[in-house]
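Spelled out, the chains give:
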Amino acid sequence: PAAAAAAAGEESPVEGGPPDHSYSLSSGTTSEELLRKLNEQRDIIALLEVKMKEMKGSIRRLRLAEAQLREEIREKDRLLHAASAGTRKRHGL
């Protein structure tokens, strides 16, 4: 079974435990490995925080653009309504 796991590209289970994933630790993990994993996680979190800020900025810009477009639509609807009311009056409808 360990050879099959190694052939599949996975680390073999430690003393019958689960295979070592990026989010799980084997019983033989050294403090250096723990520190490396912790730093990797911190880097990932920092990157995600940056992406979240960028996305919040994008959402803000999209909301402003949406509000502008809705205002333009309201203005055009108002003008169309006024124009069609004027046309009806001119034709005696």
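Predicted model, so just to flag it, every value in this text is computed and none were measured.

**Re the overall build of the protein**
Along its length, the protein carries two helices and zero strands. For the protein, buried positions account for 4% of its 93 residues. With an accessible surface of roughly 8400 Å², the protein has 60% of that area assigned to carbon and sulfur atoms.

**As for a positive patch on the surface**
Side chains of Lys53, Lys56, Arg60 and Arg61 sit close together on the surface and give a patch of like positive charge. Take lysine 53: it is sitting in helix 2 (residues 31-90). On the basis of relative accessibility, which here comes to 64%, the residue lysine 53 falls in the exposed class.

**Thoughts on the confidence of the model for the protein**
Summarising the model, the protein shows a mean pLDDT of 82, and 68% of its residues fall at 70 or more. Contacts from residues 10-14, a stretch scored under 50 in pLDDT, to residues over four places away or in other chains number ten contacts.

Calculation notes
- Per-chain numbering applies: the sequence of each chain, read as written, is numbered from 1 onward.
- Residues qualify for local features only when their pLDDT is at least 70, as the model is predicted, and side-chain atom pairs are given and counted only at 80 or more; totals for whole chains, interfaces and linings, by contrast, use all residues.
- As a convention, hydrogens and water are excluded, and side-chain values are obtained from all of the structure's heavy atoms.
- Only DSSP runs of H or I with at least four residues qualify as helices, and only runs of E with at least two residues qualify as strands; both kinds are numbered from the N terminus onward.
- A simple rule labels every residue: compare its accessible area, found with a 1.4 Å probe on the protein chains alone, to the largest value its type can have, and call it buried under 20%, exposed over 50%, or partly exposed in between.
- Methods summary: accessible areas were calculated by the Shrake-Rupley approach with a probe of 1.4 Å, and residue burial reflects only the protein chains presented.
- Patch criteria: residues need more than 30% relative accessible area and no salt bridge. Like-charged residues are merged within 9 Å; nonpolar side chains of Val, Leu, Ile, Met, Phe, Trp and Tyr are merged within 5 Å.
- A side-chain nitrogen of Lys or Arg and a carboxyl oxygen of Asp or Glu constitute a salt bridge if their distance falls within 4 Å.
- Neither His nor the chain ends is counted toward charge; the positive residues are Lys and Arg and the negative residues Asp and Glu.
- Positions of charges follow a simple convention, taking NZ of Lys, CZ of Arg, CG of Asp or CD of Glu.
- The pLDDT value expresses, per residue, how confident the predictor is, ranging between 0 and 100.
- We call two residues contacting when some pair of their heavy atoms lies within 4.5 Å.

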